[in-house]
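A look at the structure
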Amino acid sequence: MEYLFLSLLLIPFAWICFLGLSFFARINFPENFLSESVKWISIVVSLISLSLAALVLMNRSQPVHFDYPAWIQIGEYEFKIRFLVDLVGATYALLTALLIGIIFRFSRSYLHKEEGYFRFIFLLSALMLGLMLVSFARSLDLIFAGWEMVGTTSVLLIGYFYNQVQPVRHSVKAIISYRFCDMGILAAAAWAHHYMHTTDFTVLPKLLEDPHILEAGHGGPVALTFIGLFVIWASLAKSGQLPFSSWLPAAMEGPTPSSAIFYGALSVHLGPFLLLRFYDYFVHFPLLLWVIGIVGGLSAIYASAVGRTRSDAKTMLAYATISQVGIIWIEIALGFTQFALFHMVAHASLRTWQFLRCSSLIQDFFENPVVQQNEKIHRNLSFEKFVSKPMRRRIFIHALHGFHLDFFTQKVLDIFSWPLKVYIEFEKKWMSMNNNVVKFILKKR
Amino acid sequence: MSQAQDTLSFEAILERIRKKLPIQNPLHSFVHNNILMMFEGQEFHDALSEAGKLYRANSYWSIEKYKAQFQQKKITEKDIIDGIDQYSLHYHDSSTAQKLGLSLKDFYYRLTFSEMAFNDDDIQPEIHDLNLWDKCAEKMSGQSLKLNQGAIKYRAKEYWEKYYNESISSTTHPYIINLISSFLDQGQSFWANPYSEKGFWDFFCQDVDIVQNFGADWQKILGQKLQAFKGHTPQEIIESELSMMNIPREAWESYLLDVLFDLKGWSGMVNKLETEPWQATVKAPNIKLIDFIASLVLIESSLDDFHASAHSTDLAMIYGRQEETTLRGFQLSLALYQITKEFKLDSSWLDGLDASELVLIIKDIDAAEKEHHVRLWHEAFESHFYREAMSAIISHDRGHATFLNPQAQVLFCIDDREESIRRHLEEVNPLIKTFGVVGFFGIDMKFSSVKHKRLIAQCPPVIQASRIVREISRDTKKGQSFTRFNHLLGGSDLSLYYMSRTLFRGFLSTLVLGVLSIFPMFLQVFFPNQSKGFREKFKRLLSPAPATEMDILQTTEGQGYTKIEMAKIVEAILGMCGIKTEFAKLVFLMGHGSSSNNNPFKQAYGCGACGGNAGLPNSRAFAKMVNDKEVRSHLAEAGILIPDETYFVAGFHDTCTDEVQFFDLEVMPEGYEEDFERIKGDLNKACKLNAFERCQRFSSVEAKEDPDIALKHVRERAEDLAQPRPEYGHSNNALAIVGLRDMTKGLFLNRRSFLLTYDWKIDPEGEILKQVVLGGVPVAVNINMDYYFSCVDNDKYGCGSKLPLNLTSLLGVMTGSSSDLRIGLARQMIEIHEPIRNMTIVEAPLERVKKIFDGHPRLKNILYNHWMRLAVFDPEAQIWYMFKEHAFQQIAVEKSMIKHFKSSKDLVHLSVTDNDFAEID
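Residues numbered from 1 in each chain as written. Chains lettered and ligands numbered in written order. Predicted model: local features only at pLDDT ≥ 70, side-chain atom pairs only at ≥ 80, totals over all residues.

1. Structural notes on the overall build of chain A
The cut-off we apply is this: Note on conventions: DSSP H or I runs of at least 4 residues are helices, E runs of at least 2 residues are strands, and numbering of each starts at the N terminus. With the radius of gyration taken over C-alpha atoms, the globule rule is written as 2.2 Å times the number of residues to the power 0.38. The contact criterion used is a C-beta to C-beta distance within 7 Å, with each C-beta placed from the backbone.
Looking only at helices and strands, chain A has 18 helices and 2 strands in total. Here chain A has a C-alpha radius of gyration of 25 Å; the compact-globule value for 445 residues is 22 Å, and the two agree. Overall, the C-alpha framework of chain A stretches about 85 × 70 × 60 Å when taken along its three principal axes. Restricting the contact set of chain A to residue pairs at least 6 apart, pairs at least 24 apart contribute 77%.

2. So, the overall build of chain B
Counted only if it meets this: We call a residue exposed when 12 or fewer other C-beta atoms sit within 10 Å of its C-beta, buried when the count reaches 20 or more, and partly exposed for counts in between; the C-beta positions come from the backbone.
Summing up its helical and strand segments, chain B has 35 helices and 24 strands in all. For 921 residues, the compact-globule estimate of 2.2 N^0.38 gives 29 Å, and the C-alpha radius of gyration of chain B, at 31 Å, lies within 12% of that figure. The buried share of chain B, taken over its 921 residues, is 50%. In chain B, the proportion of contacts linking residues at least 24 apart, taken out of those at least 6 apart, comes to 73%.

3. So, the packing of helix H10 (residues 256-266) of chain A against helix H15 (residues 337-356) of chain A
For any two helices packed against each other, the geometry comes down to the angle between their axes and how far apart the axes lie. Residue and element names in this part refer to chain A. Basically, it comes down to this: Interaxial angle, 0 to 180 degrees, is taken between N-to-C directions of lines fitted to C-alpha atoms, where a helix line uses only the stretch in contact. Angle categories are assigned with fixed cut-offs, so that under 35 degrees is roughly parallel, over 145 is roughly antiparallel, 65 to 115 is roughly perpendicular, and the rest are oblique. The hand of a helix crossing depends on one turn: near helix anticlockwise from the far one by less than a right angle means left-handed, and clockwise means right-handed.
Close contact between H10 and H15 brings their axes to 8 Å; oriented N to C, the two are set at 155 degrees. By the angle between their directions, the pair H10 and H15 is classed as roughly antiparallel. Between H10 and H15 the crossing geometry is right-handed. Together, Thr256, Pro257, Ser259, Ala260, Ile261, Gly264, Ala265 and Leu266 of H10 and Ala348, Arg351, Thr352, Gln354, Phe355 and Leu356 of H15 make up the contact between the two elements.

4. Points about the interface of chain B and chain A
Stated formally: Any residue that is not Ala, Val, Leu, Ile, Met, Phe, Trp, Tyr, Cys, Pro, Asp, Glu, Lys or Arg is counted as polar, Gly included; the first ten are nonpolar and the last four charged.
With 76 residues of chain B at the contact, the number on the chain A side is 77 residues. Considered class by class, the residues forming the side of chain B that touches chain A number 33 nonpolar, 33 polar and 10 charged.

5. Considering the domain arrangement of chain A
Selection rule: What marks off one domain from the next here is an automatic or database domain assignment.
Domains assigned within chain A are domain 1 (1-138), domain 2 (172-389) and domain 3 (404-444). One C-alpha centre belongs to domain 2 of chain A, the other to domain 3 of chain A; they are set 39 Å apart.

6. What about the sheet that holds strand S20 (residues 869-874) of chain B?
Sheet strands associate in pairs through backbone hydrogen bonding, adopting either a parallel or an antiparallel arrangement. All names here are of chain B. The following threshold applies: Here, strands pair whenever DSSP counts at least two bridges between them.
Here 6 strands make up an open sheet; going across it, the order is S16-S14-S19-S20-S21-S22 and the pairing mixed. The open sheet terminates on both sides in strands that have one partner only, identified here as strand S16 (753-757) and strand S22 (887-891). Geometrically, the sheet is characterised by an average inter-axis angle of 20 degrees between neighbouring strands, direction not taken into account. With 4 bridges connecting them, strand S14 (residues 735-739) and strand S19 (residues 839-843) associate as parallel partners. Residue pairing for S19: Ala736 is matched across the bridge by Thr840. Across the sheet, helix H31 (residues 767-792) touches S14, S16 and S19, and the angle it forms with S14 is around 170 degrees.

7. Examining the environment of Ile339 of chain B
Looking at the secondary structure, you find Ile339 of chain B in helix H19 (residues 329-342). Expressed as a C-alpha distance, the spacing of Ile339 of chain B and Phe883 of chain B, which sit 544 residues apart in the sequence, is 35 Å.

8. Details of the nonpolar core
Taken as a class, soluble globular proteins show a tendency for nonpolar side chains to be buried jointly. Here is the rule: Here, a nonpolar core means buried Ala, Val, Leu, Ile, Met, Phe, Trp, Tyr and Cys residues linked by C-beta atoms lying within 7 Å of one another.
If you look at the biggest cluster of nonpolar residues, it comprises 389 residues, and the most contacted ones within it are Leu99 of chain A together with Ile293, Phe588, Leu589, Tyr758 and Ile841 of chain B. Counting residues in each nonpolar core, the second largest holds 16 residues, with Cys136, Phe343, Leu358 and Val359 of chain B among its members.

9. Quick word on helix H3 (residues 44-55) of chain B
All names here are of chain B. Heads up, the rule is: For a helix, the expected span equals 1.5 Å multiplied by the number of residues minus one. Picture the helix axis, draw a direction to every C-beta atom, and the arc is the one those directions span.
The terminal C-alpha atoms of H3, which comprises 12 residues, lie 16 Å apart, in line with the 16 Å expected from a rise of 1.5 Å per residue. Every buried residue belonging to H3 is among Phe44, His45, Leu48, Ala51 and Tyr55, and all of these are buried. Summarising the axial view, the buried residues of H3 lie within an arc of 125 degrees, below the 170-degree limit, and thus occupy one face. In the segment just after H3, Arg56 is the residue with positive phi, at about 55 degrees.

10. Considerations on the pairing of S22 of chain B
Residues and elements named next belong to chain B. Little of S22 is tucked away, with 0 of its 5 residues classed as buried. Note: strand S21 (residues 879-884) against S22, 5 bridges, orientation antiparallel. Among the inter-strand pairings, Phe883 is bridged to a residue of S22, identified as Phe888. Between S21 and S22, which pair antiparallel and follow one another directly, the connecting turn spans 2 residues, one of which, Glu885, has a positive phi of 45 degrees.

11. Overview of the sheet that holds strand S9 (residues 467-473) of chain B
Residue and element names in this part refer to chain B. The mixed open sheet is built from 4 strands, whose spatial order is S8-S7-S9-S10. Both edges of this open sheet fall to strand S8 (456-457) and strand S10 (548-551), since each of them pairs with a single strand only. Summarising the sheet, S9 and S10 pair through 4 bridges and their orientation is antiparallel. When the bridges of S10 are listed, Ile472 appears paired with Glu549. On top of the sheet, helix H27 (residues 616-627) reaches strand S7 (445-448), S9 and S10; it is set at about 75 degrees to S10, its chief contact.

12. A word on unusual backbone geometry
For the peptide bond that leads from Leu242 of chain A to Pro243 of chain A, omega is 0 degrees, which places it in the cis range. Inspection of the secondary structure assignment puts Pro243 of chain A in the loop between helix H8 (220-238) and helix H9 (247-250). Despite not being glycine, Arg751 of chain B shows a phi value in the positive range, around 55 degrees. Tracing the sequence through the fold places Arg751 of chain B in the loop between strand S15 (747-748) and S16. Looking at Arg751 of chain B, the number of C-beta atoms within 10 Å reads 24, which means it is buried. Even without being glycine, Ser809 of chain B reaches a positive phi, approximately 55 degrees. Within the secondary structure, Ser809 of chain B is located in the loop between strand S17 (805-808) and strand S18 (812-815).

13. Some details on the packing of helix H12 (residues 200-211) of chain B against helix H17 (residues 289-310) of chain B
All names here are of chain B. The contact between H12 and H17 brings their axes to 9 Å, and the two run at 25 degrees. As the angle between them shows, H12 and H17 are arranged roughly parallel. Packed against H12, whose contacting residues are Phe200, Trp201 and Phe204, the element H17 presents Asp291, Phe292 and Ser295 at the interface. Here the residues of the contact of H12 with H17 are counted per class, giving 4 nonpolar, 1 polar and 1 charged.

14. Quick word on the pairing of S9 of chain B
Pairing geometry for S7 of chain B and S9 of chain B, over 4 bridges, is parallel. Along S9 of chain B, the bridge assignment pairs Phe447 of chain B with Val469 of chain B.

15. Quick word on helix H14 (residues 234-244) of chain B
Residue and element names in this part refer to chain B. Inspection of H14 places Pro234, Ile237, Ile238 and Leu242 among the buried residues, and these make up the whole buried set. Along the axis of H14, the buried residues cluster in a sector spanning 120 degrees; they form a single face. In H14, those exposed residues whose orientation departs by more than 90 degrees from the buried face are Ser243 and Met244. Positive backbone phi, at 60 degrees, marks Asn246, one or two positions downstream of H14.

16. Here's the deal with the environment of Arg751 of chain B
With 56 residues separating them in the primary sequence, Arg751 of chain B and Leu807 of chain B have C-alpha atoms 31 Å apart. With sequence-adjacent residues up to four places away left out, Arg751 of chain B is seen in contact with Asp416, Arg417, Glu419, Ser420 and Asn732 of chain B.

Here it is in C-alpha cells:
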C-alpha cells in the first residue's frame, strides 16, 4: 500500500521534473510524444489509485498513516512529512486520476496544433501532483504545498491566452482571491504550531479531548476557535464561496477543458475537502459548524439567484457549481461527511461533463423537438413566484449584476487602502509644493 | 440644400449605419455570406480599405506571407507582372510614377520589391552610400512634412488609451455586454429577462437607475445624465449628446459607426434581430438599434466625463482634436535615401527637383506604399493560381469522357467538397456519369421531419421558401408514438438542462445523474465511435424510427406541389444536367450534409444550397417527384423522355464521415437490387478513397497510409467531442467551373472547385445557363468571401480560436467569460485556407454569359467591382476570354506540362499539397 500511494506522488513528480528539465534544455517534444506519454501516465495513475481505493475499502476505512523523516528542523520545529491514506483521500485521488485522464484525452484533439500544448500539459501535470499531495497530506504544512501548486496552475491556465488583455486581467483577479485566502492556511498553521505544536489534523482533535488544552495557558477556546476559522477562511476562495464568488465566473478564459477540470471539478472541491479534513476538529466547536453552514447556505442561495440570470454557457455553469458546493458545505456542517464526499464526486463528474459539452448547446436546442420556432421555451419559475412582480423585476437586475459583489468588495478594500490614498494625496501636494518652491527660486534669480 | 439635409437627417444616417454593420445570422441558421456584402458597390480593394478601417483589420495576408510564397516559387516573377497588368487597369494614376521618371508598371514593379518605412523608429535602413546620403541630407535640411493632416478625431477613447492607459473594453464593455446578452437571450438562462416586453431602452433605464447606487463613478454620472434626459427619446438623447461633443453632423455617421464597431458582433445582431426578426432562434426580442446606440453613446460620454474630471482634462480640447505626425529633416532625408535605393534610381534624379517638390514626392510614395504594396502582392498570388487553373483546363485531354449508355448517373451538389468524391467514383467505375447541380434540387420548401415538427427552410437563403413539405410515417400509429417519444425525450433533456443548474433540483439531479454521467463521458471521450453506436441502439430499442415518406403532393395552398409544378422542377434540374433521353437504369440523387459533435459551427459545414442544413429531404422529395408516373408524362410533353425502367434513388453523402445512405428503398420496384448493390458498392469504395484523400490534410499518421483506417478516422472525427476540426469544410475553395463534366473529368482539382454541370449545346437561348449561374455562382462567391475574410484577419473578421469559445444567448459565441459576440469562422476552420478570390470559368458562347452577368444586379456588381474573376471559354471559337476592367478581353492561355498520375489515390498519397492540378490517367 505504501508503494502504491508513494507512486501516486512520485510518478507525476518525476514527469514534471522531466518536462521542466527538458524545457530548460530547450528540447521541443513533438505533440505526439506528449500526448502518448500522458496517456500512459494517466492509465497507470488511474489503475494505481483504483487499487489504492479498493485496498482502503477492504481495510474497512481504517486510515493508514505514513511517517517520514523530517525535512527541515529548526530548533523545536520540525517540518514533518506525514501522509494519511484514508477513504476521503483515496477517493479524491481516484477522482483526480480519472478526470485528469479524461481531460488529457480530450485535450489531445482539442488542443491539437496549439502553440501552448506543452504548457497546457505541464500545468495539468502539476495540477495532478498538487492534488495528490493535498489528498494524502496529513498536516497543514504539507497541504499548503499542494494547495499552492493547484492555485498557481489555475491562475496560469486562466491566463492561457496571455497575449489578450481580459484573460490576464481575470487571472490577476483569481490570484488576488487565492492569495488572500491562502493567508488563512498560513495563519491556521502558525496558530496551531504555536498553541498545539502540531498541524496534523488527525492529532489536533485528539489534543482537544485533553481538558488541559482548553485552559488559558494553551491558548484557550478563543484561540482554538480562531484556528478553525482560519481553516474556513482558507477554504473560501478555492470553492468560490461568499464573499469570494466573483472571480470564479470570470475565470472562464482558458481553453474549455481547463475550465472543466478546475472550476467544474477538482479545484473548486478543494474547499470542502479541507473542511472534511478538519471535520473532527470543527465538531468540538459548534460555532464553527454554524459558520460553515451559514457561509455555504448564503453562497448557495446567492449563486443560484445570480446563476439563473446568466445567459452564457460557462459563467452559468460557474454559478451552478458555486451553489452546489455551498450545499456541500451545509452537508458538512450538518455532519453528513460521507454524503458530502459522495456529493462531491457526483458533482465533479457532472460538471466536467457539462463543461466539456457546453459547445453543443445550440445543436442540442435546435435539434430538440420541444423547442419550436416562434414559441417561448417554457421555463418554470420557482422562488421568483413568491415575490411581487415589480419586486421580481428589481431583484432580476440586482442578480444580473451579481448583487454588486465587486462593488462591496471594492468598498472593503477601500477601507484598507485609505492610508495609501492619503499618502498619494500627500505626495501630490508635496510635489506641487516643491514645484512652487522651485518656481519661486527661479523667479528670484 | 434640401437634399443635403436629407442625407444628414437622423433616419438617413441610421440607414447608412445599418448597411455597414456585420450581417451574420444567429449561429443556428448560419449561412456563408460575403461579410462585406454591403460594400459590394465599391471596387474590391477600395472596399477592403474602408472596411479594414471599420473592422480595424488587415484585409490581406501580411506581406511576409506573400514573400514566403515567392520564396517557395508559388509566386513567380511572371505572376508579379501579370498581377501588375491586372491591377494597373483599375489603378492607373501614374502621376507619382512620372515624378520618379518611371512608367506606371515599372513603378509598381519596383514598389512590389521595396521595403520602406518612413515613420518607424524601429526599422531604420543602414546607410552605405554616403554620397547619396549627403545629397539627401542637404536637400532636406530644414524641411518638414505633415502626415495625416486634417484628420480630426472626435472620439476621446483613443486619447484615454494613449495617454492614460485607460481602456473602455475593461470598464464599460463588461457592463453593456451583460445587459445585452441577457436581453437578447433566447432561452439559455433559466430566468427569462422580465423586461423583454417593454423593450431594451426601458430595461437600460431601469438598470442604470439601480446600478448607479452600487457601481463605479462613471455609472453614477450615467445615472445623472439619464435622469436629466428623462422623457426624451433615444434619438433626442443621441442628437443632444453628439451636439454637446461638438461633432458636426457630417461626422456623426463615422463617429457612431466607430462606437458600434467596438462591439460589432452585438451591434450587428441587434440590427439583424430588428430588421429580420424571423431569424431569431426562438423569438426576436423587442430591441431597436437606436436604443442600443443611445445606451452606448450615453455610456461613452459618461466615461469621458469621468475621465476628464479624474485627470483634470478639458473635454472640449479632446473632442475634435487633430493628431498629426510630422516628419522632419532627418526622417525626410532617410525617406529620400530609401526611395532612391529601393526604387533603384540614379542619384541624379534628385538634381532637377527642388526641396518642396521632393517633400511632396515623399508624401505620395508614402501613400502609395500604404495603399498599393500589399495589394500588388495579393494580385500576383492570385494570378499564379488563375493561370495554372486555366492552363490545366486546356491542357486536359477530354478524350476519355465521352461514352454512351452509362451504368448509372449520379447527381451531386455543386459543392467543392464533392469534387473529390465524384473523381473517385468515376475512377472506381468508369461507366458512371456524374453531374453537379444545386443541392436543393430546385425544391424551395420548408421541411418538417417526424422527429420534430419545426419547419426548416431547405433552400438558399436568397429564395423565400414557398411550400411546406412534411415527412410522414407510413404507419400512422408508429409515427405518432415515435413523435411522442421524441417529444418526451426532448422535454426531459430540456428540463434536465435547466434543473441541473438550479439549487434544489440541481442538488437532486446532481446526486442522481452525477455518478452516472461519468460513464457517457468516459465512453464519448475515449470511444467516440462505439458510443454513437450504443446511443443509437438504445434509442432504437426504446422507440424504433418508423418508415417514412415525403408528403409532397399539394393538398392545401402553400403545402406541397402540384404534379405540373413537380414536372417543372424536375425539368429544370435535368435540363441543367443536359439529360433529355439518355437515362441510365438507375439515377442517384446525392444530397449532402455534415455531422459533427459539440460544434457551434455545425451549420457552416452543411449544404449551402439548403441553407446550411442537410440536403437529404430535398433528394428524397425530388426522387419521389421524378418517379411519379404522372409527372413523367408531363415531362414527356416537355421533351424529356424518361424510360419506364429508369428509377431514381434518393441518397445522402455525409462530407464529414464519408458515409452514403439511401432512402425509400422499400418502394423501389423489383429488378433493381443487383444494379443498386453494385453502384452502392462503388459509392462506398469512392467514399473510402475520398476519406483517404481528406486524411492527407489531417495529422493522423496511420490514416495517411491506409484508406480503411482513413475511413474509420474520419468517422471518429465526427463523433469526437473534443474535435475542433471535424472536417476542413470549404478550405481552399477558389474556383467554380461551369460546363460539361468532359471539361474536368480525369482532372485533379484538389477539392478547390465548385463544379456546375452545363451543356452549352442544348441551350441556344441561354435560359438554362441563367439558372445554373444564378443558382451556383453567388453561393460560391459567398463561401469564398467568408473564408477569405476569416482567413486574412481571423481575430477581426473571424472569431479567433475555438478553444475558449463560450456560447451565449443561443445566438452566438463569445471568447471567454465576456466579450463581443464573435462573427465569422474560427481559426481551426480556416487554418489551411489560401485567400484567393473566386474565379468562375464558364464554357459557353460569350454572348450568353455576358447577358446573364449584365442582367443580374448583384452578379454585375461583384463582377465589375472585382469581387470575383470570370473567364469564359468559347467552345465554338475556341477562344479564352477574361473579364478585365468592364470588358471581356481575349487572352492567350498556354498549355502547361501537367503531371500525370495513375490514380487520385497515388497522387494524393505522393504529394497532396504540391499539386493543385494534375491529370489522372
